[in-house]
Amino acid sequence: MDTQSLRDHLTQLRAELAASASVDQETRVLLGDIMRDIIRLTESPDAGAQALPGGAPAERLEGIAVQFEADHPAFAANIRRLVDLLGKLGV
């Protein structure tokens, strides 16, 4: 698994988020923060050694996926795919 696949998935997730009118602003900001953390971690040579405020991106994303499960099942599934990609990259 390479970081390009992860970046492609992040791009897709951003597009879905932008197209969804029913996602509140607070959640949009939280997802944006997590996505920036993911990019920063994948671009850093010592990504595994970094501690992030709020916890690991995969853990935070899983929490969001649980929130979206009922109202946005497709978005929740895409978030979970991102969590899987992060696990494969060791992030």
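Residues numbered from 1 in each chain as written. Predicted model: local features only at pLDDT ≥ 70, side-chain atom pairs only at ≥ 80, totals over all residues. Heavy atoms only, no water.

Colleague: How would you summarise the overall build of the protein chain if you had to cite specific residues and measurements?
Modeller: A tally of regular secondary structure across the protein chain gives 4 helices and 0 strands. Going from N to C terminus, the protein chain has its helices and strands arranged as α-α-α-α. Expressed as a percentage of the 91 residues in the protein chain, the buried residues total 38%. Long-range pairs, those at least 24 residues apart, make up 58% of the contacts in the protein chain between residues at least 6 apart in sequence. For the protein chain, the accessible area works out to roughly 5100 Å², and carbon and sulfur atoms hold 53% of it. (Helix = DSSP H or I, 4+ residues; strand = E, 2+ residues; numbered from the N terminus. Buried < 20%, exposed > 50% of the residue type's maximum accessible area, 1.4 Å probe, protein only. Contact = heavy atoms within 4.5 Å. Areas by Shrake-Rupley, 256 points an atom, 1.4 Å probe, with all protein chains shown as cover.)

Colleague: Before we move on, can you summarise the side chain of Asn78 with the specific residues and values?
Modeller: Positionally, Asn78 belongs in helix H4 (residues 73-89). Those residues in contact with Asn78 that lie beyond four places of it in its chain are His9, Gln12, Leu13 and Glu16.

Colleague: How would you summarise helix H2 (residues 25-43) if you had to cite specific residues and measurements?
Modeller: The end-to-end C-alpha distance of H2, which contains 19 residues, comes to 27 Å, matching closely the 27 Å that a straight helix rising 1.5 Å per residue would cover. Buried residues in H2 make contact with helix H1 (3-19), helix H3 (57-68) and H4. Where H2 begins, the side chain of Asp24 points an oxygen toward the backbone nitrogen of Glu26, at a separation of 3.1 Å. (Expected span 1.5 Å × (residues − 1). Polar contact = N/O pair within 3.5 Å; in protein donor to acceptor, adjacent residues only side chain to side chain.)

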